[in-house]
Amino acid sequence: MKELKNKWLELIIVLSAPLLSVIDVFIINVAIPTIKKGIHATDGEMQLVIAGYLLGYAAFLITGGRAGDHFGRKKVFFWGMFAFTVASCLCGLSQTAFQLNITRLFQGLSASFMVPQTIAFIQVLFTDTKERAKAFGLYGITLGTAAVIGQILGGYLSDTHWFIEGWRLVFFINLPIGIITLWATHKYVTETVKHQSTKFDYTGILILTFALFSLIYPLIQGREAGWPLWSFGLLILSVLLFAFFIYNQKIKLSKNENPLIDVRLFKIRSFNIGLVAVLFHFMLHTAYLLLSAVYLQNGLGVSALDSGLYFVLPGILFIISSVIASRLIIKFGKRVLQVGVVILLMAFYLQMTLWKPGINTSLIIGLMGLWGFGNGLVLPSLLNIALKNVPSQYAGAAAGIYSTFQQTASALGVSIIGGVFFYFSKDGWQTAYHFGIICLLICVVMVGLMLQLLPNMKTETSKKLSEENERSEIIDI
């Protein structure tokens, strides 16, 4: 068995994947106006800068997780990071909006292969309950702080004028981190066991990709286009494709054909409830970062740089509360998350009622800090709860499903809650923020409900699943 310090070193290295991928999502929020001016793009083209990344990212996350099981997690992580670094540089070199949108699509696609390996590595490296809880806590801290760092860098680089345009640095900043990670991965990360008993499920990939595209694309672009018939047609098609995908996977599982996902995972009650909680929490998390960044600048008259700096305190408090939660959850379980939910309800309600033009700066920062502290009690530990009863041999599949839910939730939050926000902006930014916060409060309540439904003790489902797998799975030696 590896020494514990080597495991943590490997974890730190692979955490660079979620760090870069999340930064890349949120850094665009503040930098969009500068990018639009730099490449002379239209509003629709700039919408695709975000949409293209989300489509490439969400559509291949399960595929990326399964690829780690099939080809080896170190190998998939390494080449995913390599492709992400190259795509980031191509984004920074883009001369037209078309070039930027194409490279953003490939950037999201490459992220979908490297990020699930991080969760899978946690499942494989940390078998002890306490150590795994700490590892998941560190992963959650990385996600939350990366989102905040993205907001800060977006504001800073938008106002930066060096030897190259500031918006290009938004993408070039990935280059040094990518190079260091590739070197460290090659030198220190060890390969995991490969499961190549049968061929890779390429048809499953195709069906799932079209299903996710049919869901995400109309949700992102439908409002901008006035909700034409094609947007509703694609949404209906997505439902049919998802149903067909599940049917297809069940048939392949019954024939022992190694499907893209093992539907037996959904027999784990805590996994299902955890996924729903993840769905609503990442909807509100991503939407809040977008809503607050826009409202600070357009509604309260804060500069892009200052609005980014306002996220420093909530980022620090997020880290502190995440560390606290990772220690307390072992003793108190889901009650730690429930306290965080109450704090989030308070933070959003106070922001809805107090954030008005002329508000004191310290009150803005203080209420954002309250949000950051409450979010730190919830977000990192949701991952641990969702995957705590998943057997290690399902790590890659579970990681892919979890990551897909997370990223799809981000797209849903931006499109649905963001859509409500921008729709009411015609009545003024304060009104828009009011209705946006109401949507966030609804999501927080749903997270709280899911936490209430979660069992306190470990269920027997995962044990039965492990026994069933031992009887049916053919393991390559």
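Thresholds applied
Sequence order as written defines the numbering, with residues in each chain counted from 1. A pLDDT threshold of at least 70 governs which residues receive local features in this predicted model, and a stricter bar of 80 or more applies before side-chain atom pairs are shown or counted, although totals over entire chains, interfaces and linings include all residues. Side-chain numbers come from the whole structure's heavy atoms, not from hydrogens or water. Comment: elements are numbered from the N terminus, with helices defined as DSSP H or I runs of at least four residues and strands as E runs of at least two. Computation of the radius of gyration draws on C-alpha atoms, with the globule rule given as 2.2 Å multiplied by the number of residues to the power 0.38. Throughout, a residue-residue contact means that at least one pair of heavy atoms, one from each residue, lies within 4.5 Å. Accessibility throughout is a Shrake-Rupley quantity obtained with a 1.4 Å probe, and a residue counts as covered only by protein chains that appear here. For this analysis, a salt bridge means a side-chain nitrogen from Lys or Arg found within 4 Å of a carboxyl oxygen belonging to Asp or Glu. Residue burial is assigned from relative accessible area. The probe radius is 1.4 Å, only protein chains are included, and a residue is buried under 20% of its type maximum, exposed over 50%, and partly exposed in between. For our purposes a nonpolar core is just a set of buried Ala, Val, Leu, Ile, Met, Phe, Trp, Tyr and Cys residues, chained together by side-chain atoms within 4.5 Å. The span you would expect from a helix comes to 1.5 Å times its residue count less one. Consider a residue and the seven residues that end there alongside the seven that start there; fitting an axis to each set, the bend is the angle between those axes. A residue's pLDDT is simply how confident the predictor is in it, with values from 0 to 100. For this analysis, a ring pair means two rings from Phe, Tyr or Trp (six-membered ring only for Trp) whose centres lie within 6.5 Å, classed as stacked if their planes differ by under 30 degrees, edge-to-face if by over 60, and tilted for the remaining angles. Whether a charge lies above a ring is judged from NZ of Lys or CZ of Arg, which has to be within 6 Å of the ring centre and within 35 degrees of the ring normal. Orientation is described by axes fitted as lines to C-alpha atoms, over the contacting stretch for helices, and by angles from 0 to 180 degrees between their N-to-C directions. The cut-offs work like this: below 35 degrees is roughly parallel, past 145 is roughly antiparallel, 65 to 115 is roughly perpendicular, and the gaps in between are oblique. When the near helix sits turned anticlockwise from the far one by under a right angle, the crossing is termed left-handed; a clockwise turn instead gives a right-handed crossing. Each residue is assigned to one of three groups, with Ala, Val, Leu, Ile, Met, Phe, Trp, Tyr, Cys and Pro labelled nonpolar, Asp, Glu, Lys and Arg labelled charged, and all others, Gly among them, labelled polar.

Taking an unreviewed UniProt entry as the reference, the protein chain is identified by name as MFS transporter belonging to Chryseobacterium ginsengisoli.

(A) The overall build of the protein chain, seen in detail. Counting its secondary structure elements, the protein chain contains 19 helices and zero strands. Rg of the C-alpha trace for the protein chain: 21 Å, near the compact-globule value of 23 Å for 477 residues, within the 12% margin. Of the contacts formed within the protein chain by residues at least 6 apart in sequence, a portion of 83% connects residues at least 24 apart. A total of about 19,400 Å² of accessible surface is found on the protein chain, and carbon and sulfur atoms cover 68% of it.

(B) Broad picture of the pattern of salt bridges. For the structure shown, the criterion picks out three salt bridges. Among the ionic pairs, Glu165 bridges to Arg168, the shortest N-O distance being 3.0 Å. Under the relative-accessibility criterion, Glu165 is labelled partly exposed at 36%. Asp427 serves as the salt-bridge partner of Lys426, at 3.6 Å between the closest nitrogen and oxygen. A relative accessible area of 54% means that Lys426 is categorised as exposed. Relative accessible area serves as the criterion here: at 46%, Asp427 is assigned to the partly exposed category.

(C) Fine view of the nonpolar core. Residues Ile35, Phe271, Phe348, Trp355, Leu387 and Tyr402 are the most contacted members of the largest nonpolar core, which totals 133 residues. Apart from residues no more than four positions distant in its own chain, Ile35 is found in contact with Ile28, Met46, Leu100, Trp167 and Phe171. Listed in part, the six residues of the second largest apolar core include Leu54, Leu55, Ala58 and Ile216.

(D) Spotlight on helix H16 (residues 361-387). For H16, spanning 27 residues, the distance from its first C-alpha to its last is 40 Å, which sits close to the expected 39 Å at 1.5 Å a residue. The sharpest bend along H16 reaches about 35° and sits at Asn375. Most of H16 is tucked away, with 20 of its 27 residues classed as buried.

(E) Layout of the side chain of Ser231. Within the secondary structure, Ser231 sits in helix H11 (residues 229-254). On the accessibility criterion, Ser231 (0% relative accessible area) is buried.

(F) Up close: helix H12 (residues 269-299). Taking 1.5 Å per residue as the helical rise, H12 with its 31 residues ought to reach 45 Å, and the 43 Å between its terminal C-alpha atoms agrees with that figure. The element H12 is largely enclosed, with a buried count of 25 among its 31 residues. After H12 finishes, the residue Gly301 shows a positive phi value of roughly 70°.

(G) Region of the structure containing the confidence of the model for the protein chain. Per-residue confidence for the protein chain gives a mean pLDDT of 81; residues scoring 70 or more make up 90%. Below a pLDDT of 50 lies the segment residues 457-462, which in the model reaches seven contacts outside its immediate sequence neighbourhood of four places, other chains included. Contacts of residues 470-477 to residues separated by more than four positions or lying in other chains number nine contacts, the stretch itself having pLDDT below 50.

(H) Region of the structure containing the packing of aromatic side chains. All chains considered together, the criterion is met by 15 aromatic pairs. An angle of 45° between the planes, with centres 4.6 Å apart, marks the rings of Tyr288 and Trp371 as tilted. With Tyr288 in helix H12 and Trp371 in helix H16, the pair connects residues that are 83 residues apart, well separated along the chain. Its relative accessible area of 0% is what places Tyr288 among the buried residues. By way of ring pairs, the aromatic residues Phe78, Trp79 and Phe82 are connected into one cluster. If you follow Lys187 out to its NZ or CZ, it ends over the ring of Tyr188, 5.7 Å from the centre.

(I) Summary view of the packing of helix H7 (residues 129-158) against H16. One can describe the packing of H7 onto H16 by two numbers: an axis separation of 7 Å at closest approach and a directional angle of 135°. Classed by the angle they form, the pair H7 and H16 counts as oblique. For the pair H7 and H16, the crossing hand works out as right-handed. Here Ala133, Phe136, Gly137, Tyr139, Gly140, Ile141 and Leu143 of H7 come into contact with H16, specifically with Leu379, Pro380, Leu383, Asn384 and Leu387. Looking at the contact of H7 with H16 residue by residue, the classes come out as nine nonpolar, three polar and no charged.

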